[in-house]
There are 4 protein chains.
Amino acid sequence: MSLGSPLPVAVLGATGSVGQRFVSLLDKHPWFKVVALAASDRSEGKPYAQACRWILSEPMPVWAREMTLLPCTPQAMPEVRIVFSALPSEQAKTLEPEFAAAGFAVCSNASSYRAESDVPLLLPEVNAGHIHLVRHQRLARGWSGCIVTNPNCTSTGLTVTLKALDGAFGVRRAFVVSLQALSGAGYPGVPSLDILDNIIPNINGEEEKVEWEPRKMLGHLNEDSITLSDIQISAHTNRVAVLDGHTVCASVELATPALVEEAVRVLRAYQAPEIARALPSTPNPVIIVREEADRPQPRLDRLTGGGMTTVVGRVRPDPLLTLKFVVLSHNTIRGAAGGSIYNAELLVSEGLL
Amino acid sequence: MSLGSPLPVAVLGATGSVGQRFVSLLDKHPWFKVVALAASDRSEGKPYAQACRWILSEPMPVWAREMTLLPCTPQAMPEVRIVFSALPSEQAKTLEPEFAAAGFAVCSNASSYRAESDVPLLLPEVNAGHIHLVRHQRLARGWSGCIVTNPNCTSTGLTVTLKALDGAFGVRRAFVVSLQALSGAGYPGVPSLDILDNIIPNINGEEEKVEWEPRKMLGHLNEDSITLSDIQISAHTNRVAVLDGHTVCASVELATPALVEEAVRVLRAYQAPEIARALPSTPNPVIIVREEADRPQPRLDRLTGGGMTTVVGRVRPDPLLTLKFVVLSHNTIRGAAGGSIYNAELLVSEGLL
Amino acid sequence: MSLGSPLPVAVLGATGSVGQRFVSLLDKHPWFKVVALAASDRSEGKPYAQACRWILSEPMPVWAREMTLLPCTPQAMPEVRIVFSALPSEQAKTLEPEFAAAGFAVCSNASSYRAESDVPLLLPEVNAGHIHLVRHQRLARGWSGCIVTNPNCTSTGLTVTLKALDGAFGVRRAFVVSLQALSGAGYPGVPSLDILDNIIPNINGEEEKVEWEPRKMLGHLNEDSITLSDIQISAHTNRVAVLDGHTVCASVELATPALVEEAVRVLRAYQAPEIARALPSTPNPVIIVREEADRPQPRLDRLTGGGMTTVVGRVRPDPLLTLKFVVLSHNTIRGAAGGSIYNAELLVSEGLL
Amino acid sequence: MSLGSPLPVAVLGATGSVGQRFVSLLDKHPWFKVVALAASDRSEGKPYAQACRWILSEPMPVWAREMTLLPCTPQAMPEVRIVFSALPSEQAKTLEPEFAAAGFAVCSNASSYRAESDVPLLLPEVNAGHIHLVRHQRLARGWSGCIVTNPNCTSTGLTVTLKALDGAFGVRRAFVVSLQALSGAGYPGVPSLDILDNIIPNINGEEEKVEWEPRKMLGHLNEDSITLSDIQISAHTNRVAVLDGHTVCASVELATPALVEEAVRVLRAYQAPEIARALPSTPNPVIIVREEADRPQPRLDRLTGGGMTTVVGRVRPDPLLTLKFVVLSHNTIRGAAGGSIYNAELLVSEGLL
């Protein structure tokens, strides 16, 4: 698929850590062109380079440096078709519906609307078909635009892996423990005095999300809602001294017993649903399984497939359930900005814009 | 209890990271006096301060600085009664029986003999009574001395917590995921290039130990062996960028359902068995339960009770089993050198020297 | 010297990182008893344990836990004689004179009044005599109390070292580059995303302080002011991923050439001025010189002498000036809270309360 | 310039940290094709992917994975024209002359021959002309090949900066203090227990190199040797918890006083000598000067210009000499493997192969 001319898009909350990832990933995107960057009142009117404390290793794209920060209102960016939202939940709650009502497609990384019955919670390589829930959403809410969400960064790699196993063997239960990167907390986020020579064994509200969001994504699309999967998940979430890349240790119970080699074969063969298979951001492959005894590791593996591939390792029998393994996913690429962009591509390719 | 004059003791493998902890913890011990430090051939004959790259924040005790390193042989230290072994497993395998045969009480931190049916695997606050297995050990092996072991550092805090819960409610199954400190790998141990901005999702041979050792310690002492507990454990072990203090995330299934408050009450009320309750190293309290949402944390909590107390936090319901919680234990104090010293104190107080 | 009953003292700004150090160091102080803790409006009225996010490894003293936080006003704590100020500079500027006017001795860690000609800038082991400037301060300002300050944490160890060398050989010039700990920036301070796998080659306003403050402390006390020393200093300051302990690399030019051994002898022999030699916080020794090629190191050496001793190492010839060396000092103990307490002890012992 | 077909090259010491950088940087090099990888006896005969513990974030190039490791001998790789040496100094001492004698051009990162009067010590953007010393080297030693070296990684960015200033104003003296990355110590290199929450204020033999190597590179080429520059340098070297990127704080005395703006203009305008200006690895620009108060920072700036550009910041007046500034350079790219490759390109373009 190729578009005649690039679609004009905007980033809301462009100065934060996820906002910066949007700006970085949208640089040279084949379909989208950033024409507006918006941020909080405090930064409005300033050039992006001045208002934003850039924290990525990749340099800020040149086109972004002089772009003037706009207010987060539909009126400020009439030419835009898609807005990528890196807003804090509070603001997203109020602002995203305003944009959707005004005809914008909102691809949101915020958690505010993930649980709404008519809002798709999407990982295109898992549940691309759920995108069509936006038809019902528009009817029900009278919006010409829409809101499409991506899950919490810790749910991301886990759900991709569970999906592959669920399709082949059925997944009944999962115990998961995360070791999450600092960038997941935004900027300034975690004070260095709290994490150097330390871990923090809790992340507010995260365990509830990890126990619930995969059930929606692995669920069944009805005409106007999703029937949740009855997979049961128990989650512990931890913050560790890693810059990017969330690691999850998982033990799962399968409905049909599977040998390690069978599971590895299934994971490696996993493909995105047909409609999500050839988009610019489709991870290729969707899942990589490492053989080494000590992989995946965040620093070495987080950029696999440009940060969009889910990396699995240490697949082995579990003495209580069926299998144990380790999943790694880049939290601000696949788990945040990259995921929203992938969702936007799906909206476009499914003619839902 | 008070001894007339201090018992002469030695440290084998005194220059390594656990060896250094022995030297540090035995400084000013009320019952024991270090009269010999032994190390590998390479260091033999050198003053301790010269051969040892001291890595603890506490300064090296003055009496140790000029002590000449001896070879690791019984002949080199005839006056010694107890040897504390911080030897690598390979060397421990060969050398510890030589010392035991020669009449020494070997309090070992090595894994070599933990699984032997006639060797006590001890956490005195959990299974002090198992110490009497040494009577059978002496008969069976014809030793005038003995070998007594302490468990792997990750099993330590976990087993203390499971014991308290097991006594009150019965524990059937446990999922545990560790976030382990660097000092657990010894010195030089983990290269900095491997762990900065990273985690390593595997520790060689550790998961097997964590899945088995608690079963022996929670087991029943027969005349000449231990019947293993039938608790089932599934373990994932990880290395993180923390200097000291192993954190374990655990989900457990109890035989008798228990509310969070009941479990907390039981953990707080837990006491060591009578014979292990008033020794110099008895942790006081055995277990502390923190109320904060983000504790225990290794840097803030590892020195609780001088590093001998097990710190538990985040006790909450588990959606699949019964309860979830986090356990922290100092890996080179409670989980290594301090544990061996506690074992030695029990040997003395039980008249088994 | 012994006091009949302990002097009642207070800590202003008690919940911050330096405030916490005050609380911790004043626990069991032989002369002082904390009777009041004060903090910003937001925390006022709450128990200390609730308002304060405690970040030290040592547990919060039990007596402090339930103490109700007072407002930072003289009226709130009439019984107090000495207030230790860990206030931010802005607040210190306004509040410290109010306390001094109301008769309190203010021992301040803030920078607001360090440069005033009638305010002593004190390291008692360097310039204890300067304390008598408070007599002039009281006359000039009509205060019954007083303000006494301690220097910036980076100047501390450097000035102690320069003083010893200056007395013996004369110091003309010094190049100094600091590698400063995170706790020097307070809490929350430096975001972890800024410092993991990184250094920050600047600390706002710090270089000016390090280039000027030593000149005042090494200066000459006149009746009503200090004549600055004409030592010239060039400073670069850096933030590194260390929790506590500031390291300074220094190259100095001496007026009288000195061999390395002579300089080491002088540093080791250095003693505090007579009047500051037997106070509870007097570092003993004032300076330690390490012989190892790779010391001092912050993690291993910062607690030398309870964190009050200045640790010097790598004394060697400088190819351009006279000598090069490395200085380490604990920034929140000797360089902040411990320094203010030492100053207060000197006030008491000199009868200036 | 374009070559008909790629030149066959080899990497000696290919499994270490610098060896890995060679493999990574030579992937897709326009002129060179790696046809041989060699390593120590222990690894010989194994596939590269199996023998090498890959520690870079970029994945190992596919062509390297199955390449069989050869012994480090000229006989093992007859078709090779250039060998890149990442050998330890000891081995380099013996092996590099064997290769040079056998007709290979040895582009070495080792320190063994840097100080030899007939061996060029090269940063092409500084002293490209020195390459012609190899003509004399061949005559003097009777070699058909040659040895060309690049400096120590800490000297690299410093020398580039000094060269630019020296050309415009003359540099008389420099005080420099380094904060060096862990990768500079190779793998396994620095133990994590030594550097977490710590710095190490010494790097063996490094200060001597930093005080001498710039003098050779800034020196004058005679027919058969280099007259050293009479710039005087005093260096302190430190190891910090940074993965890649050496930072240097420098204070310099200029012969002609210069304002900050003049110096910045000169640094920005600096270009490599004509013959080194259009090679594949020529940094573009050679030097970047940042305006921000807190840059350069290793994590954010080390990959500027693909890791080949020298990044300078905080140019400001020095109270004792003329100017102060901070220099950052990627130690394993510009300061090691990338530098050797740049040297090889110069050899080729000057027709010296």
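Just so we're clear, the structure is a prediction, and the values are computed from it rather than from any experiment. (Residues numbered from 1 in each chain as written. Chains lettered and ligands numbered in written order. Predicted model: local features only at pLDDT ≥ 70, side-chain atom pairs only at ≥ 80, totals over all residues.)

(A) Layout of the overall build of chain A. Tallying secondary structure elements over chain A gives 12 helices and 13 strands in all. Whereas a compact globule of 353 residues would reach a radius of gyration of roughly 20 Å, chain A reaches 19 Å, a difference of no more than 12%. Dimensions of chain A, computed from the C-alpha atoms along their principal axes, are close to 60 × 50 × 35 Å. The buried share among the 353 residues of chain A stands at 62%. (Helix = DSSP H or I, 4+ residues; strand = E, 2+ residues; numbered from the N terminus. Rg over C-alpha atoms; globule rule 2.2 N^0.38 Å. Buried ≥ 20, exposed ≤ 12 C-beta atoms within 10 Å, placed from the backbone.)

(B) Structural view of the nonpolar core. One finds A10, L37 and V176 of chain C together with A10, L37 and V176 of chain D to be the most contacted residues of the largest nonpolar core, which totals 275 residues. In contact with A10 of chain C, not counting residues within four places along its chain, are V34, V35, A36, L37, A38, M77, V80 and V83 of chain C. V106 and A336 of chain A together with I288 and A337 of chain B belong to the second largest nonpolar core, which has 213 residues in total. (Core = buried A, V, L, I, M, F, W, Y, C linked by C-beta atoms within 7 Å. Contact = placed C-beta atoms within 7 Å.)

(C) Just the pairing of strand β10 (residues 246–254) of chain D, in detail. Residues and elements named next belong to chain D. Counting buried residues in β10 gives nine out of nine residues, a clear majority hidden from the surface. Of the two faces of β10, the one carrying H246, V248, A250, V252 and L254 and the one carrying T247, C249, S251 and E253 are both buried. As paired strands, strand β6 (residues 171–180) and β10 are joined by eight bridges and run antiparallel to one another. Each residue of the ladder has a partner; that of R173, found in β10, is E253. Sheet topology places β10 next to strand β13 (residues 323–329); seven bridges connect them, and they run antiparallel. Bridge assignment links H246 to a residue of β13, and that residue is S329. (Pairing = 2+ DSSP bridges.)

(D) Quick look at the sheet that holds strand β1 (residues 7–12) of chain C. Residue and element names in this part refer to chain C. The strand order across the open sheet built from five strands is β2-β1-β3-β4-β5, with neighbouring strands paired in parallel fashion. Two strands close off the open sheet at either side, each with one partner strand: β2 (32–38) and β5 (146–149). On average, each strand axis in the sheet is tilted by 25° relative to the strand beside it, whichever way the strands run. Along the sheet face, helix α12 (residues 333–349) touches β1, β3 (82–85), β4 (105–108) and β5 and points at about 150° away from the line of β4. (Axes fitted to C-alpha atoms, helices over the stretch in contact; angles between N-to-C directions.)

(E) Spotlight on the domain arrangement of chain A. Residue and element names in this part refer to chain A. For chain A, the assigned domains read domain 1 (7–152 + 336–349) and domain 2 (153–330). Here domain 1 and domain 2 have C-alpha centroids that lie 24 Å from each other. On the domain 2 side, the residues contacting the 31 residues of domain 1 number 33 residues. Secondary structure elements with two or more residues in the side of domain 1 that touches domain 2: α5 (124–127), α6 (133–141) and α12 (333–349). No other element matches the eight residues that α12 contributes to the side of domain 1 that touches domain 2. When its residues are assigned to classes, the side of domain 1 that touches domain 2 shows 14 nonpolar, 13 polar and four charged. (Domains from an automatic or database assignment. Nonpolar A, V, L, I, M, F, W, Y, C, P; charged D, E, K, R; others polar.)

(F) Structural context of helix α1 (residues 17–26) of chain A. For α1 of chain A, a buried count of 10 out of 10 residues is recorded, marking the element as mostly surrounded by other parts of the structure. Where α1 of chain A is buried, its residues meet β1 (7–12), β2 (32–38), α3 (62–65), β3 (82–85) and α12 of chain A.

(G) Representation of the sheet that holds strand β2 (residues 32–38) of chain B within the structure. All names here are of chain B. The strand order across the open sheet built from five strands is β2-β1-β3-β4-β5, with neighbouring strands paired in parallel fashion. Looking at which strands have only one partner, the edges of the open sheet turn out to be β2 and β5 (146–149). Here the average twist between neighbouring strands, direction ignored, is 25°. In this sheet, β5 lies alongside strand β4 (residues 105–108) in parallel orientation, the contact comprising four bridges. Within β5, the residue paired with C107 across the bridge is V148.

(H) Seen up close, the relation of the copies chain A and chain B. With an RMSD of 0.0 Å, the fit of chain A onto chain B corresponds to turning through 180° and sliding 0.0 Å along the axis. What we have between these two chains is a two-fold relation. (Least-squares fit on C-alpha atoms with pLDDT ≥ 70 in both.)

(I) Layout of the relation of the copies chain A and chain C. Once chain A has been moved 0.1 Å along the axis and rotated by 180°, it coincides with chain C to within an RMSD of 0.0 Å. When the interface residues of chain A are mapped onto chain C, 100% of them again lie at the interface, so the same face is used by both copies.

(J) Representation of helix α9 (residues 206–217) of chain D in the model. Taking 1.5 Å of rise per residue, the 12 residues of α9 of chain D would be expected to cover 16 Å, and the 17 Å separating its terminal C-alpha atoms lies within 8% of that figure. Counted residue by residue, α9 of chain D has nine buried out of 12 residues, so it is predominantly covered. (Expected span 1.5 Å × (residues − 1).)

(K) Broad picture of the packing of helix α7 (residues 153–169) of chain A against helix α9 (residues 206–217) of chain A. Residues and elements named next belong to chain A. Look at α7 against α9: their axes get within 10 Å of each other, and the N-to-C directions meet at 35°. When the axes of α7 and α9 are compared, the crossing they make is right-handed. The residues of α9 that touch α7, namely those facing T154, S155, L158, T159 and L162, are E206, K209, V210, E213, P214 and M217. Looking at the contact of α7 with α9 residue by residue, the class counts come to five nonpolar, three polar and three charged. (Left-handed = near helix turned anticlockwise from the far one by under 90°.)

(L) Focus on the interface of chain A and chain C. Residue-level contacts link 15 residues of chain A with 15 residues of chain C. When the residues that make up the side of chain A that touches chain C are grouped by side-chain class, the tally is 11 nonpolar, three polar and one charged.

(M) Examining the interface of chain A and chain B more closely. Across the boundary between the two partners, chain A contributes 34 residues, which contact 34 residues of chain B. Among the secondary structure elements, those contributing two or more residues to the side of chain A that touches chain B are β6 (171–180), β9 (232–239), β10 (246–254), α11 (298–301) and β13 (323–329) of chain A. Residues that form the side of chain A that touches chain B fall into these classes: 17 nonpolar, nine polar and eight charged.

(N) Local environment of the environment of G305 of chain C. Residue and element names in this part refer to chain C. Looking at the element boundaries, G305 is found in the loop between α11 (298–301) and β12 (310–317). In the structure, G305 is positioned 276 residues away from H29 in sequence and 16 Å away in space, judged by C-alpha atoms. In contact with G305, other than residues within four places in its own chain, are P283 and N284.

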